Protein chains: 2
Amino acid sequence: MRDHQLIILPEKRVLTAPEGTIVSALLFENGIPIGFPCRQRGLCGKCLVEIVAGEAGLADPAERAVLDRQNRPPEFRLACRLTLRGPLSIRIAPQARLSTIAPLIEGRRRIMIIDPPLKKFAVAAPAASAADPESALDGLLAAFTPPKPAVASTVLPVLAGLDPRRAGTVTAVIYEDRRILAVEPGDSSGRAFGAAVDLGTTTVVVEIVDLSDGRTAAIAAGLNGQVRFGADVVSRITAAHLEPKKSLELRDEARRSINALLTEAFRQAGILAADCYEIVVAGNTPMNHLFLGLPMTTLAEAPFRALFSALESLDASVGGLDMNGAGRIYIAPNIKSFVGGDIAAGLAAVDIENGPEKALFIDLGTNGEIVVKNGPRFLATSTAAGPAFEGMGLSCGMIAGPGAIHKAERDGKGIDWRVLGGGEGRGICGSGLVDILAVALGQEWIDSEGRILNADRNIFLSPGLSLNQKDVREVQLAAAAIRTGIRMLLAETGLVVSDLDRIYVAGAFGSALDIGNAMRIGLIPTVLPEKIEFVGNASLAGAKVLLLSGEERMRCEKLAATIRHLSLAQDERFQEIFIDSLTFKRWK
Amino acid sequence: MRDHQLIILPEKRVLTAPEGTIVSALLFENGIPIGFPCRQRGLCGKCLVEIVAGEAGLADPAERAVLDRQNRPPEFRLACRLTLRGPLSIRIAPQARLSTIAPLIEGRRRIMIIDPPLKKFAVAAPAASAADPESALDGLLAAFTPPKPAVASTVLPVLAGLDPRRAGTVTAVIYEDRRILAVEPGDSSGRAFGAAVDLGTTTVVVEIVDLSDGRTAAIAAGLNGQVRFGADVVSRITAAHLEPKKSLELRDEARRSINALLTEAFRQAGILAADCYEIVVAGNTPMNHLFLGLPMTTLAEAPFRALFSALESLDASVGGLDMNGAGRIYIAPNIKSFVGGDIAAGLAAVDIENGPEKALFIDLGTNGEIVVKNGPRFLATSTAAGPAFEGMGLSCGMIAGPGAIHKAERDGKGIDWRVLGGGEGRGICGSGLVDILAVALGQEWIDSEGRILNADRNIFLSPGLSLNQKDVREVQLAAAAIRTGIRMLLAETGLVVSDLDRIYVAGAFGSALDIGNAMRIGLIPTVLPEKIEFVGNASLAGAKVLLLSGEERMRCEKLAATIRHLSLAQDERFQEIFIDSLTFKRWK
């Protein structure tokens, strides 16, 4: 076989390969980033190249149809349908370049390849032969090179609506490259949406994501309706365990909460529920179990184990979410009984595996989860921090929304604060709380033991807005729980704080948390500020990563399976370290 | 690496392979038939060998557990867990020998490897570690070598019932070697059942099959409740096409009919619906479509195409059958619009691909389907024969059940007959009809044009039992339809009757059809009797083949996709050949 040269412009990079080599494969083998979400099947039209010189032959009708749908002039071809038949010079179209930067976390962008398990392709539905027509489905499948995807029976009614005497276009919704979930009439390949769901113990956040480019189409947040069964995870586990039908009520409550937010977010995004074909749910282990209405026995009784870590995605109907009925629901893998899919997702969001060698990941939620990375080894734990950092369970607490005092600083002998969205403060959210306590310590309104020193036993901000002794104790206990977890994990791993290259701080705070103040009250270890990275709602960001990439999903499941868990309660050092951690003081 | 000898007794066959070679793989590569339904994962305990001499090492706990469940003495091992570590002599246990002869069709046995897509394996559910327990599911999956099967979320509640402090046994129900559909407590691996369903236009037959050995556990037959929408396929297509909600009524009617028979058959077999994990439905194309409640547009209007040929198996709930809720329903692939999954199944039942070079397959149902095989080429057609051969649509017709006259012969100047199950005849079934007409021709009660020659215009058997002129016409039309189909197919393929090596005759008749009489009235071509093979209800037998072997399923789908279809109605020769075929006469 003769060899030919392929010249790639404008780089003028020269590749040599035998006659008949497929250009996309040649580019791929030589590490030239070019996207082909359809796996070089000639369906997606993404691997566009412009023929600058040389003999490229003609596009066959199927390729031509794809190019015509994009209104491409004749010099454009699909690299996966182009073979070397002589010397050839091409220019890769900008939209064919692979790397996509997806804004994932507030203030942080992450480069990842967008390659969602759920894809839509416009494909030709050929006219039926008059003499011996093959089935409508086989006509459609002709567009797919083997191995042919499996097909759900639910697509058939749509095929019945096609005119067999006329070629047309339909859009195939394909999952994991091997299953056609749905077929839509016409070309709707541009309308593929998914949702990332952070199913928190206290709050639920839903983000609608355009699966073609990772763009956020809408976002909505609200309370988890399960709170009426108890503010913390343990009370819900107990409720469901003692009375099994409660686990179904809790399930329905979670689904209702998510569905209400989906409705709101779909409206914002201007799409229909039917446009949403995949939802990734990231919750802690009990939330993930309750979302499925599972018995809570194994989480309620020693040795406390999850029923599942990674799980096959579910039918929309099994998960009970308002989305396309043919869609799928993927649950981020649980790491262990009390370190869940929210943390697995968070670790995926920050790409912890490819990050610095020694790192700490702290999620400051109602349940505080902490993961330490020491090279290839990961150790995780969880502590019951309570909902204080989410602004709940306090006399003046509120979630970080309009009207929340989210920042505070010393002002002479007093204190000044800022309100989210301006106006009068209606309550204090987590970041405000940390600031206020740091100021109170500095002003000696409280001592390091957490005692309020004035006669009122009250930190007064304005009429109706103050923290009482009980509020301070709540924060003190929450901070001590986190601190104890970190200390014990580090001890178990043989690391000290100064070994850490990076501390990721996740949680509802987002970047509103004042790092100095958090260190001041001892919530996070004292390290150089540049080692701290606020990653905000990493669970949501991670759910989005898992929504946008099947490979990340696989990596996440693998990582989740290798993380060991340290149970604080079963450790004899726990009590002592916890009591020692109750003091508001900097880490040494 | 050193080589060692493996001696297989009693054959004394000697194989040589490097140290560390797995014995099952070595046997398999050398074409020694040994079964391992679990794909050499050490789960099924089928690849039993007895160590006669040599060093075999010890079984690990997992293998030991499998052997203990079977009460095997220590010299027995699983070939898939046995590695060569020196010279070794083994005897393959009889139950490990692969080839299984499954009785498939009345009077005919077929050798096939029983390897159903649906399998049950007893697996160890290990106790959870106290310190850092993995999830219950991951504990279970430890028994499976990678790639690990996917797991449906519905198995999780069962896992919640296991005692985490104690190792136990559960039974995994695995599908297509890659998906765990269900988990049952304890070892229920001996109770795996499926059902083969022949969904005929007129009659429905359900056969309960033991998936471990292919044995028939029960069989039940009854009418397809859809008959109230019309006796023939076309009237049902039309009904559903004109009034789309009728297609749902027809769907429900078919499902009700099948479910009634399933209930009856489960009772006979002494099993529960929950023990039945897979059902294969073989119907003609319209029946398959109506079973799914699909729009009938494409089958009602030219160019008459099916919506699907092969289809992914369905969830039990989607198919609406009374079986285990986690089970699957597989629909035998439609060949073309009017040659359906019943014929594809029938061809699989007779293994037509590996049979004689030139063959004819005739299915004498309400719809007569005919397939001709000429080497690698297959051509099929269908003709509307009407339900006469199933005993329907006649003044004295009945299906082949107790009380049916199923045989008749000349008796002097009269006629003698036999009644199924003895006693007085209550009606005439298909085979009896053919016999009676042949006698009537011989006795000159009718002429070859089908005219009844006596004054009564009546072939009298006994009071209340006779055939009138209209009855004879029904049979005449039915036989002519079949005959026309055969003639046109042979002509199209360039074959003549004497070229045929084999004629398979399928249909409700079974072997009750008198071959000489069928030739006498011209229903089937005149060939040497030994070329005729009655295969009875080949659709049901084929459904059973597809139930018992994933490989046969794949082959069947492939064959179905390659068969071309000849549309009789669109052929200009049709009218002429049909009229010529109306005469009751032998083929020349």
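No experiment lies behind these values; they were computed from the predicted model shown.

**Some details on the packing of helix 12 (residues 469–493) of chain A against helix 16 (residues 574–581) of chain A**
Residue and element names in this part refer to chain A.
Okay, so step 1: Packing of helix 12 against helix 16 brings their axes to within 8 Å, and their N-to-C directions diverge by 130°. The pairing of helix 12 with helix 16 is recorded here as oblique in orientation. Note on packing geometry: the crossing formed by helix 12 with helix 16 is right-handed. Only Phe574, Ile577, Phe578 and Ser581 of helix 16 make contact with helix 12, whose side of the interface consists of Ala480, Arg483, Thr484, Arg487 and Met488.
Okay, so step 2: Here the residues of the contact of helix 12 with helix 16 sort into 5 nonpolar, 2 polar and 2 charged.

**Quick word on the environment of Leu364 of chain B**
Residues and elements named next belong to chain B.
Okay, so step 1: Mapped onto the fold, Leu364 is located in strand 18 (residues 358–364).
Okay, so step 2: With 26 C-beta atoms counted inside 10 Å, the residue Leu364 sits in the buried group.
Okay, so step 3: For the pair formed by Leu364 and Ala506, sequence separation is 142 residues and the distance between their alpha carbons is 6.1 Å.

**Section: the interface of chain B and chain A**
Okay, so step 1: If you look at the interface, chain B gives 36 residues, while chain A gives 37 residues.
Okay, so step 2: If you list the elements that add at least two residues to the side of chain B that touches chain A, you get helix 3 (136–141), strand 9 (150–151), helix 4 (156–160), helix 8 (297–300) and strand 28 (564–565) of chain B.
Okay, so step 3: Across the side of chain B that touches chain A, the residue classes break down as 23 nonpolar, 7 polar and 6 charged.

**As for the domain arrangement of chain A**
Okay, so step 1: When its domains are assigned, chain A resolves into domain 1 (3–96), domain 2 (118–185), domain 3 (193–335) and domain 4 (388–474).
Okay, so step 2: Taking the mean C-alpha position of each, domain 1 of chain A and domain 3 of chain A sit 43 Å from one another.

**Thoughts on the confidence of the model for chain A**
Okay, so step 1: Looking at chain A, pLDDT values average 91 and 97% of them are 70 or higher.
Okay, so step 2: Of the two predicted TM-score estimates for the complex, the pTM is 0.86 and the ipTM is 0.85.

**A look at the pairing of strand 11 (residues 179–185) of chain A**
Residue and element names in this part refer to chain A.
Okay, so step 1: As defined by bridge partners, strand 9 (residues 150–151) adjoins strand 11 across 2 bridges and the pair is classed as parallel. Residue pairing for strand 11: Ala150 is matched across the bridge by Arg179.
Okay, so step 2: Pairing geometry for strand 10 (residues 168–175) and strand 11, over 6 bridges, is antiparallel. For Val170, the partnering residue across the bridge sits in strand 11 and is Pro185.
Okay, so step 3: Connecting the antiparallel pair strand 10 and strand 11 is a turn made up of 3 residues, with Glu176 showing a positive phi of about 50°.

**Some words on helix 5 (residues 233–242) of chain A**
Spacing of three or four residues puts side chains on the same side of an α-helix, whose turn is 3.6 residues.
Residues and elements named next belong to chain A.
Okay, so step 1: Within the sequence span of helix 5, burial applies to Val233, Arg236, Ile237 and Ala240. Buried residues of helix 5, seen end-on, are gathered within an arc of 100° and therefore sit on one face of the element.
Okay, so step 2: On the buried face of helix 5, the contacting elements are helix 6 (244–269), helix 7 (285–291), helix 8 (297–300) and strand 19 (367–374).

**Focus on unusual backbone geometry**
Residues and elements named next belong to chain A.
Okay, so step 1: With an omega of -5°, the peptide bond running from Pro146 to Pro147 counts as cis.
Okay, so step 2: Phi is positive for Lys12, close to 60°, though the residue is something other than glycine.
Okay, so step 3: Owing to 8 C-beta atoms within 10 Å, Lys12 belongs among the exposed residues under this scheme.

**Quick word on the environment of Leu294 of chain B**
Okay, so step 1: Among the secondary structure elements, Leu294 of chain B is positioned in the loop between helix 7 (285–291) and helix 8.
Okay, so step 2: C-beta crowding within 10 Å serves as the criterion here: with 24 such atoms nearby, Leu294 of chain B is assigned to the buried category.
Okay, so step 3: Residues Leu294 of chain B and Leu307 of chain B lie 13 residues apart in sequence; the distance between their C-alpha atoms is 8.6 Å.
Okay, so step 4: In this structure, Leu294 of chain B is in contact with Leu156, Pro157 and Ala160 of chain A together with Ser247, His289 and Leu307 of chain B, ignoring residues within four places of it in sequence.

**Some details on the packing of helix 5 (residues 233–242) of chain B against helix 6 (residues 244–269) of chain B**
All names here are of chain B.
Okay, so step 1: Here helix 5 crosses helix 6 at 130°, and the two axes come no closer than 4 Å. Looking at the two axes, helix 5 sits oblique to helix 6. Residue-level contacts link Arg236, Ala239 and Ala240 of helix 5 to Pro244, Lys246, Ser247 and Leu250 of helix 6.
Okay, so step 2: The class makeup of the residues in the contact of helix 5 with helix 6 is 4 nonpolar, 1 polar and 2 charged.

**Section: the relation of the copies chain B and chain A**
Okay, so step 1: When chain B is fitted to chain A, the residual RMSD is 0.1 Å, and the transformation amounts to a turn of 180° plus an axial shift of 0.0 Å. Considering both components of the superposition, the chain copies are consistent with a two-fold axis. Considering only C-alpha atoms, the part of chain B nearest the rotation axis is Asp315 of chain B, at 5.5 Å.

**Here's the deal with the sheet that holds strand 11 (residues 179–185) of chain B**
Residue and element names in this part refer to chain B.
Okay, so step 1: Strand order in the open sheet formed by 4 strands is 8-10-11-9, and the pairing between neighbours is mixed. The open sheet has two free edges, formed respectively by strand 8 (118–125) and strand 9, since each of these has just one partner strand.
Okay, so step 2: Two elements, strand 8 and strand 10 (residues 168–175), share 8 bridges in a ladder whose sense is antiparallel. Bridge pairing in strand 10 links Leu118 to Tyr175.

**Notes on the sheet that holds strand 13 (residues 203–210) of chain B**
Residue and element names in this part refer to chain B.
Okay, so step 1: With respect to topology, 6 strands assemble into an open sheet ordered 14-13-12-15-17-16, the strand pairing being mixed. At either margin of the open sheet sits one strand with a lone partner, and together these are strand 14 (216–223) and strand 16 (314–315).
Okay, so step 2: Relative to strand 13, strand 12 (residues 193–199) runs antiparallel, the two sharing 7 bridges. By the bridge assignment for strand 13, Phe193 is matched with Asp210.
Okay, so step 3: Contacts between helix 6 and the sheet are confined to strand 12, strand 13 and strand 14, with strand 14 contributing the most and set at about 145° to the helix.

Analysis parameters
Residues numbered from 1 in each chain as written. Chains lettered and ligands numbered in written order. Predicted model: local features only at pLDDT ≥ 70, side-chain atom pairs only at ≥ 80, totals over all residues. Axes fitted to C-alpha atoms, helices over the stretch in contact; angles between N-to-C directions. Helix = DSSP H or I, 4+ residues; strand = E, 2+ residues; numbered from the N terminus. Parallel < 35°, antiparallel > 145°, perpendicular 65-115°, else oblique. Left-handed = near helix turned anticlockwise from the far one by under 90°. Contact = placed C-beta atoms within 7 Å. Nonpolar A, V, L, I, M, F, W, Y, C, P; charged D, E, K, R; others polar. Buried ≥ 20, exposed ≤ 12 C-beta atoms within 10 Å, placed from the backbone. Domains from an automatic or database assignment. pLDDT = per-residue confidence, 0-100. Pairing = 2+ DSSP bridges. Arc of directions from axis to C-beta. Least-squares fit on C-alpha atoms with pLDDT ≥ 70 in both.

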